[in-house]
Amino acid sequence: MKTLVIVSHPYPERSKATKALEEIAATVPGVTVRNLETLYGNNINGFDLTAEQKAQEEADRVVYLFPIHWFNLTPMLKAYLNEVWAYGWAFGPDAAALKGKEMQVVTTAGASKFTYSAEGLIKSSMEDVLTPMKASAYYVGMKYNQPLAFHNAIGASDEAIAEYQKAFVTLLNLPLATA
Ligand SMILES: Cc1cc2nc3c(=O)[nH]c(=O)nc-3n(C[C@H](O)[C@H](O)[C@H](O)COP(=O)(O)O)c2cc1C
């Protein structure tokens, strides 16, 4: 089984949690990591479409790892979907490049789990916030796995980061869903 991890963080020099998760993913056998800002900076038009699409085609499971900023995807991740998930490749007549693959979202968030609840400040769940990823996955025929979200991730302690890494490795080693 091959796993592709697409990482995006607009401020890599300020990242602790995402960086630690990216680093641990790179040590797991069968996992390929591609960091959008490392490869392309913040150039929303600079993607190497052939390389990105090939990386997707070779994967059985695609993990998207990014922090929640203003309850949204990062700019480069959104741009990646715009450019890489192209008409005629990901969707459109006879286009089925991603069909049957698993999408796994892994995200870090500053706010607590309670904040992301109907009773919490934002009156929205993490599932609600991640709707664009879920809808996109289903639109191109992917399976959508339960997202893994790390809350309270601002200034997380080294112990907390180590726990995040452990949980991420466990998830990366899960077998593919059979359904
Ligand atoms: C510009 C900006 C916007 C943010 N917006 C949110 C937000 O909408 N919801 C939230 O839970 N955390 C928010 N945060 C906190 C980040 O999610 C948190 O800092 C990040 O997940 C920690 O991971 P990192 O160490 O890799 O940056 C925001 C942080 C920044 C810098």
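Because the structure is predicted, anything quoted here is derived from the model rather than measured.

Chemist: Residue-level account of the packing of helix 3 (residues 49-57) against helix 4 (residues 75-84), with values.
Modeler: Running from amino to carboxyl end, helix 3 crosses helix 4 at an angle of 90°, the nearest separation of the two axes being 11 Å. The angle between the axes of helix 3 and helix 4 places the two elements in the roughly perpendicular class. Along the contact surface, helix 3 presents Leu49, Glu52, Gln53 and Gln56, while helix 4 presents Tyr80, Glu83 and Val84. Across the contact of helix 3 with helix 4, the residue classes break down as three nonpolar, two polar and two charged.

Chemist: Account for the site of the ligand, naming residues and giving values.
Modeler: Every one of the 17 residues lining the ligand counts as a neighbour, but His9, Ser15, Thr18, Thr108 and Tyr116 are closest to it. At a separation of 2.9 Å, an oxygen atom of the ligand approaches a polar backbone atom of alanine 17. Tyrosine 116 is positioned with one of its side-chain polar atoms (N or O) 2.7 Å from an oxygen atom of the ligand. Taken by itself the ligand offers 630 Å² of open surface, and the protein chains cover 79% of this. Looking at the shell around the ligand, its residues break down into ten nonpolar, six polar and one charged.

Chemist: Lay out the environment of valine 62 with the relevant residues and their values.
Modeler: Tracing the backbone shows valine 62 in strand 3 (residues 61-67). Considering only alpha carbons, one finds valine 62 and lysine 19, 43 residues apart in sequence, at a separation of 18 Å. Leave out the neighbours within four places in its chain, and valine 62 touches Leu4, Ile6, Gln56, Glu102, Met103, Gln104 and Met142.

Chemist: Go over the packing of aromatic side chains, please, and point to the residues and values.
Modeler: Tallied over the full model, the rule gives nine aromatic pairs. Ring centres of phenylalanine 150 and tyrosine 164 lie 4.4 Å apart, and the angle between their planes is 25°; this geometry places the pair in the stacked category. Within this pair, whereas phenylalanine 150 is found in strand 6 (residues 148-150), its partner tyrosine 164 is found in helix 7 (residues 158-172), the two being separated by 14 residues in sequence. In this structure, phenylalanine 150 and tyrosine 164 share a single accessibility class: buried.

Conventions we followed
- Residues numbered from 1 in each chain as written.
- Predicted model: local features only at pLDDT ≥ 70, side-chain atom pairs only at ≥ 80, totals over all residues.
- Heavy atoms only, no water.
- Axes fitted to C-alpha atoms, helices over the stretch in contact; angles between N-to-C directions.
- Helix = DSSP H or I, 4+ residues; strand = E, 2+ residues; numbered from the N terminus.
- Parallel < 35°, antiparallel > 145°, perpendicular 65-115°, else oblique.
- Contact = heavy atoms within 4.5 Å.
- Nonpolar A, V, L, I, M, F, W, Y, C, P; charged D, E, K, R; others polar.
- Near = heavy atom within 4 Å.
- Polar contact = N/O pair within 3.5 Å; in protein donor to acceptor, adjacent residues only side chain to side chain.
- Areas by Shrake-Rupley, 256 points an atom, 1.4 Å probe, with all protein chains shown as cover.
- Phe/Tyr/Trp six-rings, centres within 6.5 Å; stacked < 30°, edge-to-face > 60°.
- Buried < 20%, exposed > 50% of the residue type's maximum accessible area, 1.4 Å probe, protein only.

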